[in-house]
Structures are given as structure tokens and as C-alpha cells.
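In case you want the letters, here they are:
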Amino acid sequence: MSEFAIVGAGHAGIEAAFALAKAGHRATLFSDEPCLPYFRPRLIAVAFGQAEAEAIAIKPQKAYDEAGIALRHEAVTAFDPAACAVNGKRFAGVVLAQGSRPFVPPFAGDAGSLLTLWSLDDARRLRAACAPGKRLIVIGGGVLGLEAALRAALAGLRGTVVEAAPCLAGGVLGAEAEAVLRAALEAKGIALKVGVGVASVGAAGVTLADGSTLAGDVTLCSAGARPNVALAEAAGLPNDFGLRTRPDLALAPRVYAAGDLARPTEARPVCAVRRATAMGALAAANLLAEAEGRPTQPWVDPALPLFIKVGDVEFHTLGDIRTPGLTERRLDDGTDPRVWQSVLFRGETPVGLRWVGTHASFADWEKRLA
């Protein structure tokens, strides 16, 4: 029986820890938060009073105890990859799975007036600042920003989403499907400022790049995330918008990366639970394979859905939805202005899906893409 260290207690780290424990080894899981590891996307519900912190734990304490996993609420400040040492203690191997951190652009003005939503402490601060009737400005029109605006609306706040790009959600929906989504958001009382960036921020709101101002009581920055690579960089490991690993997720002998900070292919890392979970499992499997002299397996980027569902507002996408020249065929008859269903084809082969306002038949088409 060997003892392995997992640095980071998100989905990748937890999956790696339980895989190592299941294989009969000891796992020490380092978390820099004092609470049980939690499902990070559900922080938005906690922030707006629609869930409690205890309800979003990934596993109860009993699960760690029964698996023999030592959950250590301890920040990792020292890592030596050559010695496989974490905070001065040597291990048989290490999995780095520290996830990502929120990105706050260098706006002019009072950056201290901005809130982020990436930790349980962030969620508690936002919850304390919000109340029915308050004006919330969300900087960022991606999935997390849109969900925050929708959940804020459910909580009785008046929300405005500001997105510098010309489209919402990274442009995954295309112009026609996005128009359906925009109408659904506006029907919930959410104002949209799309195609204009933020010039400066302050306690009373924001000034936009076109010179106009938005008054707000609370401003939430949801402008994306960056891989949390500070510890690895300090240890001399290669970083290029994520830790550049071998195809099998290895960074060095007996050291592997998983989750948001791992970049085994040319594709930049994305924050996705499914990706992180699969990577954690593979990192653990390859760490054991290396220790036992067996071949390791390469990582293959999966097709990841991008979706949001808050009440009756939802969209779902999957597959190739960005390549120019694809043919888009609408499936619904267009009689319901709240619904859009379309499939993108390369020739006669379905390669991408765009659904708004419904999930009906999406799973059937997902199987056809697979």
C-alpha cells in the first residue's frame, strides 16, 4: 500500500482520491477551504438563497472516512515535483488538481467594488449583499453570468448583463437561436447590454466603453476563469494557459495533472465537471500504471455539452457548433417563439446541436452524434 497526495479538492481531485483508495492505497486530499468539497457550479444557487451550503457538498464526510481518505483542510505552499513532496512530506505520487480561479479584467476605477463567485466565501459575500429590489450588474454574458442573472431575478433583484462580445454564451447559439434566448431573458426582467465593454467600475455602478453609465447596488464579475497554476509554476512546471502535460496527463515522473489546470492537447482547458471528473480518474489510473510498470493511456478530449437551465429558461448545445460552412436545419416548426431546435450537418452527417427553451429529444440526437 502506497500513499498518494492529491492537491485540490474539486471534482478532479475527489475522483482521483477515491480511485486511488479503491485500488487499495492511501490518499491524502488537500483542500484550502475549511468546508467539505462542494459542487462549484451550484454556488450560484447558494449566492441567491436558493440552496444552502450543506446541500452542495459532493460527498459527506462519512464517504471520505469509509474510503480511508485523509481530507486535510490545509493550503499547499510547498511542492517539490522531483521528490514528490507536498508541504515537506514525500508521497509515492502526486496529482495536481487545483482547478481554476476567477478572471477579473484590469478595469479602471475601484476594483474592490467588484464581487466574484468562485468559492463558498464568495457566495456568502454575494448573498449578504443582495436583497429583493436591489440592482445587480453582471459583467460577463457566459453561462455562469447568465445563470447568475436568472437566479438573481428569481430572488427579486433587478439584473443587467454586460457582455463585451457581440453575442452571449460565446456565440455558441448562432444569431437566430440566440434571439430566442435573449427574449426569454428579457421576459424575466433582465436587461442586456451586448457588444459593449466595461471601461470602469465603482461602488455606484459601471461606466461602459461607449461612455454610458449603469447604476447598480452590486456588481458581479463573471468574466471567465484562468487555470490555477501558481503552485506548479513556482515548482518550475511548464505552463501555457494550463499545465502542458504529456498526452497521458504526466508532468514529471509520478506527478500528474487533472481538471481545469491540465492541458494535454492543443485545446485550452475548459471548466467542466464532466471533463474534470474523467481527468481525475485517468490521472489516478496512469499514476498507478506508472508505479506498476504498465503502459499509461492518453487523454482524449470529450464532446462536452454547454447548457443552462433555470426555471423555464434553458439552452443546450453539443458538438461542432462553430465551424464555418456547416448546414443548420431547424427541427421545430417555429410556431412557439420560445423554442428553437436545430441540428448542424457536415454534408449529411449531424455534428452539432442547438436547443433553446426545451430539452425534448436532445438526448436522442446526442446519441446520433456519438
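Everything below is about the structure printed above this text.
Note that residues are indexed from 1 along each chain, following the sequence as it is written. With the structure being a predicted model, the display of local features is reserved for residues of pLDDT at least 70 and the display and counting of side-chain atom pairs for 80 or more, all residues being used for whole-chain, interface and lining totals. Derived side-chain values reflect all non-hydrogen atoms in the structure, with water molecules and hydrogen atoms excluded from consideration.

### Overview of the overall build of the protein
Keep this limit in mind: Only DSSP runs of H or I with at least four residues qualify as helices, and only runs of E with at least two residues qualify as strands; both kinds are numbered from the N terminus onward. Restricting the calculation to C-alpha atoms gives the radius of gyration, and the globule rule supplies 2.2 Å times the number of residues raised to the power 0.38. Exposed residues in this analysis have more than 50% of their type's maximum accessible area, buried residues have under 20%, and partly exposed residues fall in between, with area computed by a 1.4 Å probe over protein chains only. Contact criterion: two residues are considered in contact whenever any of their non-hydrogen atoms come within 4.5 Å of each other. Areas reported as accessible are Shrake-Rupley estimates using a 1.4 Å probe. Residue values count occlusion only from the protein chains shown. Charge assignment in this entry is limited to Lys and Arg as positive and Asp and Glu as negative, and neither His nor the chain termini are counted. Each charge is placed at NZ for Lys, CZ for Arg, CG for Asp and CD for Glu.
In terms of regular secondary structure, the protein is built from nine helices and 27 strands. The C-alpha atoms of the protein give 22 Å as radius of gyration, which agrees with the globular expectation for 370 residues (21 Å, within 12%). With the principal axes as the frame, the protein shows a C-alpha extent of 60 × 55 × 35 Å. Across the 370 residues that make up the protein, the buried fraction comes to 49%. Pairs at least 24 residues apart make up 61% of the contacts formed inside the protein by residues separated by at least 6 positions. By element, 53% of the accessible surface of the protein is carried by carbon and sulfur atoms, the whole surface being about 16,500 Å². Counting 38 positive and 38 negative side-chain charges, the protein places the centres of these two groups 2 Å from one another.

### Examining the nonpolar core
The test is simple: Definition of nonpolar core: a set of buried residues of the types Ala, Val, Leu, Ile, Met, Phe, Trp, Tyr and Cys, connected through side-chain atoms within 4.5 Å.
Residues Leu 29, Val 86 and Leu 96 are the most contacted members of the largest nonpolar core, which totals 51 residues. In contact with Val 86, not counting residues within four places along its chain, are Ala 5, Val 7, Phe 30, Val 76, Ala 78, Phe 79, Phe 91 and Val 94. Leu 117, Val 143, Leu 192 and Ile 321 belong to the second largest nonpolar core, which has 48 residues in total.

### Comments concerning the sheet that holds strand β26 (residues 340–346)
Rules: Criterion used throughout: strands pair if DSSP finds at least two bridges between them. Between N-to-C directions, angles cover 0 to 180 degrees, with each direction set by a line fitted to C-alpha atoms, over the stretch in contact for helices.
Read from one edge to the other, the open sheet built from five strands follows the order β23-β24-β27-β26-β25, with strand pairing classed as antiparallel. Pairing within the sheet leaves two strands with one partner each, and these edge strands are β23 (306–310) and β25 (327–330). Between one strand axis and the next, the sheet turns by 20° as a mean value, whatever way the strands run. In this structure, β23 lies alongside strand β24 (residues 313–319), joined through five bridges in antiparallel fashion. Following the sheet pairing, Phe 307 is matched in β24 by His 316. Helix α9 (residues 362–369) rests against β24, β26 and β27 (349–356) of the sheet, and its axis sits at about 155° to β27.

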